[in-house]
Amino acid sequence: MEGPGSGNNQIVDAHVHLLPGKLSEKVRAFFHEHIESELAFPLDHATVLEMLAGSGIGMVWSLPYAHKPGVAAGLNAASAETARRFAGNAVQVVGGATVHPGDSDTRAVVREAREKYDLKVLKLHCSVGDFEADDPRLDGVWQFVGERRMPVVVHLGHAVSGRTAASELEPLHRLVNRFPLVRVIIAHCGHRAGPQALDLVEQYPGIYADLTPVVTEPVEVPAGRVNKLADKLLFGSDAPNTAIGIEECLAHIRSMGLSRAAEAAILGGTARRLLSEVL
Ligand SMILES: [Zn+2]
């Protein structure tokens, strides 16, 4: 008998942001300033999780992100607290960690997140934090996450719109060649450079992608390639800061005409496998 949120047939939403109060309000204010559309979720964590549970989500990866040096350790502590708060809930919250290249000891921040707080996923946000994924100050981090097989969700684009240009995928070549053990998940499948992001997923064993929409825009990728690469693709909603509701988000994946196995991988299999391999 499996406990709540542990069923293997339940959907994993691998891109959610349950941020601490003040920060979540700041992020929401940013969205109100930059987009016209109504957002699909309120900020309250319990309500967001209830809405996701209603659509069959059994697990979320909650990804914090540091916009400046010095705040990551506090965000990581808060992330662990959020995961604890909802333990036993219908939706299991997998706490994510973050780090900023300007932190005084980046490796120590991530090591503490993994060892003290038991956080299993790392998030890097290159536009919010204003850096490149292969920033040399993150070398110790890449070394560490490679050894511990921690998946790292990276938002590579620098545009305020949340979009990524093909040229912004470039640092990944250097990164995986220097740190072949890393598991990088390209957030939003590098939208609007989705096909080029899939090229990287295909080319490198350590590169994955999530199919999370960008505010109002679903990721545009050819279904045939998604079908073929499904074991390296993850589902994500970006709740609560998205205009696309969870049902619409799921319908987008389900309307692609994927094989059952491919759909199952994207809606949870890939995410669960990555998590199970973390040391
Ligand atoms: Zn996001």
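What counts, and at which threshold
Here the residue index of a chain counts from 1 through its sequence in written order. Under the rules for a predicted model, residues below a pLDDT of 70 receive no local features and side-chain atom pairs below 80 are neither given nor counted, while totals for whole chains, interfaces and linings still include all residues. Note on definitions: a nonpolar core is a set of buried residues drawn from Ala, Val, Leu, Ile, Met, Phe, Trp, Tyr and Cys, linked by C-beta atoms within 7 Å. Exposure criterion: with C-beta atoms placed from backbone coordinates, a residue whose C-beta has 20 or more other C-beta atoms within 10 Å is buried, one with 12 or fewer is exposed, and one in between is partly exposed. A helix here means a DSSP run of H or I that spans at least four residues, while a strand means a run of E at least two residues long, and both kinds are numbered starting from the N terminus. Scored between 0 and 100, pLDDT is the confidence that the predictor attaches to each residue. Residue pairs qualify as contacts under a 7 Å threshold applied to their C-beta atoms, which are placed from the backbone. Think of it this way: DSSP has to see at least two bridges between two strands before they count as a pair. Think of each axis as a best-fit line through the C-alpha atoms, taken over the contacting stretch in the case of a helix, with angles from 0 to 180 degrees between the N-to-C directions. Roughly parallel means an angle under 35 degrees; roughly antiparallel, over 145; roughly perpendicular, 65 to 115; everything else is oblique. Crossing chirality is assigned from the near helix's rotation relative to the far helix, an anticlockwise turn below a right angle marking it left-handed and a clockwise turn marking it right-handed. The classification used treats Ala, Val, Leu, Ile, Met, Phe, Trp, Tyr, Cys and Pro as nonpolar, Asp, Glu, Lys and Arg as charged, and all other residues, Gly among them, as polar. In this description, one arc is meant: the one made by directions from the helix axis to the C-beta atoms. For a crossover, the right-handed case is the one in which the path from the first strand over the helix to the second runs clockwise, viewed with the strands pointing away from the viewer.

## As for the nonpolar core
And step 1. Ranked by internal contacts, the top residues of the largest apolar core, which has 85 residues, are Val-152, Val-154, Val-184, Ile-185, Ile-186 and Ile-266.
And step 2. Broken down by element, this core gets its largest block of residues, six residues, from helix H11 (residues 260-276).

## Concerning the confidence of the model for the protein
And step 1. For the protein, mean pLDDT is 94; residues scoring 70 or higher make up 97% of the total.
And step 2. Within the model, pLDDT remains below 50 along residues 1-6, and this stretch shows twelve contacts once partners closer than five positions in the same chain are excluded.

## Notes on the sheet that holds strand S5 (residues 151-155)
And step 1. Strand order in this open sheet of eight strands is S1-S2-S3-S4-S5-S6-S7-S8, and the pairing throughout is parallel. Each of the sheet's edge strands pairs with one partner strand only, and the pair in question is strand S1 (11-16) and strand S8 (233-234).
And step 2. Summarising the sheet, strand S7 (residues 207-210) and S8 pair through two bridges and their orientation is parallel. Within S8, the residue paired with Ala-209 across the bridge is Leu-233.
And step 3. Helix-sheet contacts for helix H3 (residues 72-85) involve strand S2 (57-62) and strand S3 (92-98), and the interaxial angle to S3 is about 175 degrees.

## With respect to the packing of helix H4 (residues 106-115) against helix H6 (residues 139-148)
And step 1. Interhelical geometry of H4 versus H6 gives an angle of 30 degrees and a closest axis separation of 7 Å. If you check the angle between H4 and H6, you find them roughly parallel. In the crossing of H4 with H6, the sense of the turn from one axis to the other is right-handed. The residues of H6 that touch H4, namely those facing Thr-106, Arg-107, Val-110, Arg-111 and Arg-114, are Gly-140, Val-141, Phe-144, Val-145 and Arg-148.
And step 2. Each residue belonging to the contact of H4 with H6 can be placed in one class, and the counts come to four nonpolar, two polar and four charged.

## A few points about the environment of Arg-137
And step 1. Its location among the elements puts Arg-137 in the loop between helix H5 (126-129) and H6.
And step 2. For the pair Arg-137 and Gly-102, spaced 35 residues apart in the sequence, the C-alpha separation amounts to 7.4 Å.
And step 3. Beyond its immediate chain neighbours, meaning those up to four positions away, Arg-137 contacts Pro-101 and Thr-106.

## Observations concerning helix H2 (residues 45-53)
And step 1. Looking at H2, one finds that the buried residues are His-45, Val-48, Leu-49, Met-51 and Leu-52. Summarising the axial view, the buried residues of H2 lie within an arc of 160 degrees, below the 170-degree limit, and thus occupy one face.

## Things to note about the pairing of S5
The side chains of a regular strand alternate, first on one face of the sheet and then on the other.
And step 1. Counted residue by residue, S5 has five buried out of five residues, so it is predominantly covered.
And step 2. Alternating positions in S5 separate into two faces, Pro-151, Val-153 and His-155 on one and Val-152 and Val-154 on the other, with burial throughout.
And step 3. Where strand S4 (residues 121-125) meets S5, four bridges bridge the pair, whose relative direction is parallel. Counted as the bridge partner of Leu-122 is Val-152 from S5.
And step 4. Relative to strand S6 (residues 183-186), S5 runs parallel, the two being bridged by four bridges. Its bridge partner being in S6, Val-153 is matched across the sheet by Ile-185.
And step 5. For the segment spanning S5, helix H7 (residues 171-178) and S6, crossover handedness is right-handed.

## Section: the environment of Pro-64
And step 1. Its location among the elements puts Pro-64 in the loop between S2 and H3.
And step 2. Exposure remark for Pro-64: the 26 C-beta atoms within 10 Å place this residue in the buried category.
And step 3. Separated by 48 residues in sequence, Pro-64 and Val-16 have C-alpha atoms that sit 8.8 Å apart.

## Description of the pairing of S1
And step 1. In terms of burial, S1 is largely enclosed, as six of its six residues are buried.
And step 2. In terms of strand pairing, S1 meets S2 through four bridges, oriented parallel. Note that in S2 the partner of Asp-13 across the bridge is Val-60.

## Notes on the environment of Arg-28
And step 1. As for its placement among the helices and strands, Arg-28 is situated in helix H1 (residues 21-34).
And step 2. Judged by the 16 C-beta atoms lying within 10 Å of it, Arg-28 is partly exposed.
And step 3. For the pair formed by Arg-28 and Val-221, sequence separation is 193 residues and the distance between their alpha carbons is 28 Å.

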